[in-house]
Amino acid sequence: MAGAINLTEVDFEQIRQNLISYLKSTNKYTDYDFDGSNLNVILSLISYQAQMNSYNVNMVANESFLSTSTIRKNTVSNARMIGYTPVSTTSAASYLDFEVDLNEAGNLDEIYPGGLPQYLEIQPGNFFVASSQRSQYKFNIIDSQAASLNDEGVAVFGNVPVYEGDYLNMKFVKDNTNFNQRFVIPNPGIDISTLRVTVQEDPNINTSVPFAQANNLVELTPETKAFWVEEVEENHYELTFGDGLFGQKLVDGAVVFVNYIISSGSEANGIRGASSFVYSGKILDYFGSQVPRKPEVTSASTSEGGTELENVSSIKFRAPKSYAAQNRCVTSSDYDAIIRDIYPAVEDVYVYGGEELDIPEFGRVYIVIKPKSGDYVSNATKKLIKDQLEDYRVASIDLILQDPDILYIETESTVYYNEQITMKDTSAIVADVQTTLSDFADSSIASRFGGTVRYSRIVGTIDDADNSITRNITTLRMRKNMSIAQNTLASYEICFENSIDRDGTGYSVYSTGFRFTDDEEIYYFEDDPMNRGAIRLFHFDTYNEKIVDNKNFGTVDYLKGEIMLGEKKPFSIASTIVDNSIVEVRSYPIDVGQDIKATKSVYLKFDVAKSDIGAIVETGTTGS
Amino acid sequence: MTQLSRKDKMFVDVSLSFEPNPVTGDITTLIDQRAINNAIKNAVLTAPKEAPFNPNFGSNINNMLFELSDDSTAVILEDEIRRSIKFNEPRVTNLSVKVVAQPDQNNIRATIVYKIIGFDQFVTFDQILSPTN
């Protein structure tokens with residue numbers, strides 16, 4: 001009796017065997033077992049077709065779910081179903097202060113005999129050219145900027161945001177006869193936060209009104225001028241408008257104007273200095289005439305925030321978390337998910353409640369952000385993030401954005417290598433070790449909040465840097481950058497958040513040099529091996545001998561890893577040997593083999609550049 | 001692949017002409033000698049890797065298409081046809097293959113003589129190999 005044919009297998013041979021089993025049960029044909037038979041040709045054909053069907057069904061099923069999809073447009077589509085829009089390419093942004101001096105040539109009366117205009121205006125699309133070491137980038141003004149003129153004919157523009165990229169525009173005309181009309185912007189690399197949409201509702205009246213980007217349906221009325229933006233195929237973006245119930249519906253013939261920026265992503269991060277930005281464009285006065293002056297940039301924040309388009313694995317990781325956050329910040333992971341939406345150029349986020357502090361501060365949430373480029377986000381960016389978080393936070397909760405407490409880890413390594421089995425010299429071996437350690441530093445194990453630098457891992461990593469390395473003697477050391485307040489009486493607290501070695505024969509804490517106000521001598525401090533717990537101040541005399549100036553310059557708590565300077569008697573520092581008004585304070589952990597951990601808002605950063613690595617030829621041994 | 005030592009059953013295959021039997025209306029069947037002749041033909045005229053997931057099935061005679069039509073080509077073809085049948089058709093024994101080039105007709109004539117395992121009589125199978133087949 002013939003049974004049912006099972007064609008659900010994915011493997012060709014299994015499907016074929018199922019067909020053969022069926023034929024065996026019929027007793028009508030016998031040649032199914034022989035490769036050359038016609039029956040075998042037919043069986044192979046059916047099996048192949050069944051296998052193709054199974055494979056296709058399997059792939060279609062995979063692509064139907066967020067966690068298993070691999071094709072970007074399917075992942076994006078699945079994420080859309082839970083309300084997640086993948087982060088677009090984001091432009092690096094900088095905030096500029098600049099002045100336009102109309103009286104630069106001293107002929108203000110000739111230019112404006114009838115009196116000064118009330119204000120100067122810069123239209124969207126004008127830009128600054130910024131130079132980095134790699135290339136030149138355009139930083140665009142995307143919203144109209146105006147500044148009033150003072151009596152001297154100077155207009156001061158303050159805190160103007162400029163965004164890197166090419167400023168483009170498009171126009172669509174709403175056509176009600178076209179039921180399939182879509183408003184797709186056919187450019188990849190768009191920063192959707194720079195989208196500016198205006199609509200001319202009556203084709204005969206040359207007035208257009210701005211539409212704002214909406215994220216959901218909450219608080220929308222039939223009159224709300226809103227649009228939605230979604231990623232569609234080929235990394236393009238599609239605009240959709242309201243249906244007349246949620247958001248205003250476009251009338252037939254309405255003209256949609258879209259301005260946007262195509263960004264270079266993270267390439268333009270890190271451009272610093274007012275002199276790097278040069279204006280290219282025109283400035284209009286109150287009367288609409290072009291002003292024959294170029295602005296002078298007086299200050300510029302370091303460009304930051306540029307990121308690439310979010311990749312598939314990131315979408316799969318973040319979309320469920322964004323959905324779990326439900327557009328509100330309650331738990332710390334909610335903050336993590338929403339901050340990454342607001343400001344994509346985030347390396348890591350650490351959020352904790354004020355009740356966790358040593359002296360609890362209830363009703364406060366502390367947010368620590370480590371950006372992808374640089375160590376800290378600018379104050380302007382902090383304000384932007386805080387303002388945007390207002391919509392998500394629980395009422396009565398106060399948000400405080402903090403800079404990460406960066407703890408640098410350095411190594412003191414002596415690497416032994418067998419010169420019999422390598423062509424490399426000492427410097428090449430050191431370079432190999434540095435490269436390998438840099439890879440380790442970039443890994444997510446160390447560089448994050450709550451990260452750990454494991455001693456054994458470092459030793460193993462150095463050993464693996466080259467085949468000729470036989471062993472290494474390595475000590476980890478910690479470093480904090482003490483940022484000083486120049487020429488200001490101050491006391492300082494430096495927390496390593498890791499225990500410091502107390503039992504060594506020499507010093508465990510030491511600093512780089514600095515000068516006090518009104519004193520040209522270079523001073524240093526270190527802990528006193530003869531009087532543990534005290535920090536002493538010293539300088540070197542002309543014979544390079546150490547002269548102790550103050551035996552009680554500060555204190556050190558070895559267990560907590562905490563150093564207090566000038567607690568009883570504040571001091572004023574004029575300058576430092578290290579650039580950027582920084583005194584580098586180094587210490588050794590309590591045990592040579594101790595792992596160094598980051599707790600709370602401490603962010604570990606493995607600093608290979610400032611590590612001391614040396615290589616020595618191994619003698620008296622046959623190698624590893 | 002099934003190994004046979006004696007005739008214990010009939011060999012029944014379908015015909016790929018898919019023409020119905022005029023009496024029963026069933027699809028035409030090929031039995032014993034016709035089934036095996038057809039299997040040999042399939043084995044010889046199929047190129048390796050042509051059958052899905054069975055890359056070793058078939059013979060390389062198609063590669064000889066542009067060779068000279070002479071006795072040396074005929075010898076190579078004999079070897080290849082013999083190898084192909086031995087490898088792919090376990091029901092056949094006492095195999096003899098004779099290939100004769102017919103350059104004037106642009107043909108090659110292959111005569112295959114074999115015995116079906118379990119059967120007593122020899123079977124002769126003639127196939128004309130022409131460029132169009």
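All values derive from a computational prediction rather than experimental measurement.

So, how was this worked out
- Residues numbered from 1 in each chain as written.
- Chains lettered and ligands numbered in written order.
- Predicted model: local features only at pLDDT ≥ 70, side-chain atom pairs only at ≥ 80, totals over all residues.
- Heavy atoms only, no water.
- Helix = DSSP H or I, 4+ residues; strand = E, 2+ residues; numbered from the N terminus.
- Buried < 20%, exposed > 50% of the residue type's maximum accessible area, 1.4 Å probe, protein only.
- Areas by Shrake-Rupley, 256 points an atom, 1.4 Å probe, with all protein chains shown as cover.
- Contact = heavy atoms within 4.5 Å.
- Buried area = accessible area lost by both parts, 1.4 Å probe.
- Salt bridge = Lys/Arg side-chain N within 4 Å of Asp/Glu carboxyl O.
- Phe/Tyr/Trp six-rings, centres within 6.5 Å; stacked < 30°, edge-to-face > 60°.
- Lys NZ or Arg CZ within 6 Å of the ring centre and 35° of its normal.
- Expected span 1.5 Å × (residues − 1).
- Arc of directions from axis to C-beta.
- pLDDT = per-residue confidence, 0-100.
- Pairing = 2+ DSSP bridges.
- Axes fitted to C-alpha atoms, helices over the stretch in contact; angles between N-to-C directions.
- Parallel < 35°, antiparallel > 145°, perpendicular 65-115°, else oblique.
- Left-handed = near helix turned anticlockwise from the far one by under 90°.
- Nonpolar A, V, L, I, M, F, W, Y, C, P; charged D, E, K, R; others polar.
- Polar contact = N/O pair within 3.5 Å; in protein donor to acceptor, adjacent residues only side chain to side chain.

Broken down by element type, chain B carries 2 helices and 5 strands. Helices and strands in chain B line up, N terminus first, as β-β-α-α-β-β-β. Expressed as a percentage of its 133 residues, the buried residues of chain B come to 40%. For chain B, the computed accessible surface area is about 7700 Å², with 51% contributed by carbon and sulfur atoms.

All right, on to the interface of chain A and chain B then. Of the residues lining the interface, 17 residues belong to chain A; the matching set on chain B comes to 28 residues. Summed over both sides, the interface of chain A with chain B buries roughly 1800 Å², with 58% coming from carbon and sulfur. Looking at the side of chain A facing chain B, the largest losses of area belong to Phe34, Asp35 and Asn38 of chain A, adding up to 35% of the total buried there. Here chain A is connected to chain B by 0 salt bridges.

Another point: the packing of aromatic side chains. Residue and element names in this part refer to chain A. Throughout the structure, instances matching the rule amount to 32 aromatic pairs over all chains. With a centroid separation of 5.6 Å and 85 degrees between ring planes, the pair formed by Phe183 and Phe241 is classed as edge-to-face. Within this pair, whereas Phe183 is found in strand E8 (residues 183-185), its partner Phe241 is found in strand E12 (residues 237-241), the two being separated by 58 residues in sequence. Ring centres 5.6 Å apart and planes at 40 degrees place the aromatic pair Tyr492 and Phe571 in the tilted group. In this pair, Tyr492 is assigned in strand E24 (residues 492-495) and Phe571 in strand E31 (residues 571-576), connecting sequence segments 79 residues apart. A relative accessible area of 8% means that Phe571 is categorised as buried. Within the aromatic cluster, the residues linked to one another by ring pairs are Tyr492, Phe514, Phe516, Tyr523, Phe525, Phe553 and Phe571. One cation-aromatic arrangement involves Lys321 over Phe317; the distance from NZ or CZ to the ring centre is 4.1 Å. Residue placement shows Arg471 over the ring face of Tyr416; its charged tip is 3.9 Å from the ring centre.

Residue and element names in this part refer to chain A. With 15 residues, helix H1 (residues 12-26) should reach 21 Å at 1.5 Å per residue; the first-to-last C-alpha distance of 22 Å fits that figure. Within H1, the full set of buried residues consists of Phe12, Ile15, Arg16, Leu19, Ile20 and Leu23. Considered in projection along H1, the buried side chains sweep an arc of 140 degrees and stay on one side of the axis. Immediately downstream of H1, the backbone of Asn27 shows phi near 65 degrees, a positive value.

Bringing the confidence of the model for chain B into the picture now. All names here are of chain B. Considering every residue of chain B, the mean pLDDT works out to 86; 92% of them sit at 70 or more. Per-element confidence in chain B is highest for helix H2 (residues 71-88), whose mean pLDDT is 93, and lowest for strand E5 (residues 122-129), whose mean pLDDT is 85. Reported confidence for the predicted complex is 0.84 by ipTM and 0.67 by pTM.

This part is about the pairing of strand E27 (residues 524-527) of chain A. Residues and elements named next belong to chain A. Sheet topology note: the E27/strand E28 (residues 534-540) ladder contains 4 bridges and is antiparallel. Bridge pairing links Asp527 to Ile535 in E28. What sits between E27 and E28 in their antiparallel hairpin is a turn of 6 residues, with Gly533 showing a positive phi close to 105 degrees.

Another aspect to go through is the packing of helix H8 (residues 426-442) of chain A against helix H9 (residues 455-463) of chain A. All names here are of chain A. Relative to each other, H8 and H9 sit at 140 degrees, their axes nearing to 9 Å. Here H9 runs oblique to H8, going by the angle between their axes. For the pair H8 and H9, the sense of crossing is right-handed. The residues of H9 that touch H8, namely those facing Val433, Thr436, Leu437 and Phe440, are Arg457, Ile458, Thr461 and Ile462. Of the residues that constitute the contact of H8 with H9, the class distribution is 5 nonpolar, 2 polar and 1 charged.

Inspection of the secondary structure assignment puts Glu89 of chain B in the loop between H2 and strand E3 (92-102). A relative accessible area of 2% means that Glu89 of chain B is categorised as buried. A distance of 2.6 Å separates the side chain of Glu89 of chain B from the side chain of Arg91 of chain B, its partner in a polar contact. Setting aside residues no more than four positions away along its own chain, Glu89 of chain B makes contact with Phe34 of chain A together with Ala39, Ile40 and Ser84 of chain B.

Further remarks concern the sheet that holds strand E4 (residues 107-116) of chain B. All names here are of chain B. Strands sit in the order E3-E4-E5 across an open sheet of 3 strands; the sheet is antiparallel. The sheet is open, and its two borders are formed by E3 and E5, each paired with just one other strand. Neighbour-to-neighbour, the strand axes of this sheet turn through a mean angle of 15 degrees, independent of strand direction. As defined by bridge partners, E4 adjoins E5 across 8 bridges and the pair is classed as antiparallel. Residue Val113 lies in a different strand from E5, and its bridge partner there is Thr124.

It is worth spelling out unusual backbone geometry at this point. Positive phi outside glycine occurs at Glu497 of chain A, with the angle close to 60 degrees. With respect to the element layout, Glu497 of chain A can be found in the loop between E24 and strand E25 (509-511). A positive phi angle, close to 60 degrees, is found at Phe53 of chain B, a residue other than glycine. One can find Phe53 of chain B in the loop between helix H1 (33-45) and H2. Relative accessible area serves as the criterion here: at 48%, Phe53 of chain B is assigned to the partly exposed category.

Before going further, it helps to examine the sheet that holds strand E11 (residues 226-231) of chain A. Residues and elements named next belong to chain A. The sheet built from 7 strands is open, its strands ordered E7-E13-E9-E10-E11-E12-E8 with mixed pairing. Of all the strands in the sheet, the pair left with one neighbour each is strand E7 (166-173) and E8. On average, each strand axis in the sheet is tilted by 30 degrees relative to the strand beside it, whichever way the strands run. As paired strands, E11 and E12 are joined by 5 bridges and run antiparallel to one another. Of the residues in E12, the one forming a bridge with Glu231 is Tyr237.

Residues and elements named next belong to chain A. Among all positions of helix H3 (residues 72-81), only Arg72, Asn74, Thr75, Val76, Asn78 and Ala79 are buried. Buried positions along H3 lie against helix H2 (38-63), E11 and helix H5 (312-325). Taken from the residues just after H3, Gly83 is the one with a positive phi, measuring 75 degrees.

Turning to the pattern of salt bridges, a few remarks are in order. Residues and elements named next belong to chain A. Under the counting rule described, the total for this entry stands at 40 salt bridges over all chains. Notably, a salt bridge pairs Glu13 with Arg16, separated by 3.1 Å at the nearest N-O pair. Linking Glu13 with Arg16, this pair stays in helix H1, spanning 3 residues, or about one helical turn. By relative accessible area, Glu13 is classed as partly exposed at 35%. In this structure, Lys424 and Asp466 form a salt bridge, with 2.5 Å as the shortest nitrogen-oxygen distance. Of this pair, Lys424 sits in the loop between strand E20 (405-417) and H8 while Asp466 sits in the loop between H9 and strand E22 (469-483), placing them 42 residues apart in sequence. The class of Asp466 is buried, set by a relative accessible area of 12%.

Moving on, we come to the environment of Val199 of chain A. Residues and elements named next belong to chain A. Position of Val199 among the secondary structure elements: in strand E9 (residues 190-200). What makes Val199 buried here is its relative accessible area of 1%. Separated by 51 residues in the primary sequence, Val199 and Leu250 have C-alpha atoms spaced 8.6 Å apart. With residues near it in sequence (within four places) discarded, Val199 still touches Thr207, Ser208, Val209, Phe211, Phe241, Leu250, Ala254, Val255 and Val256.

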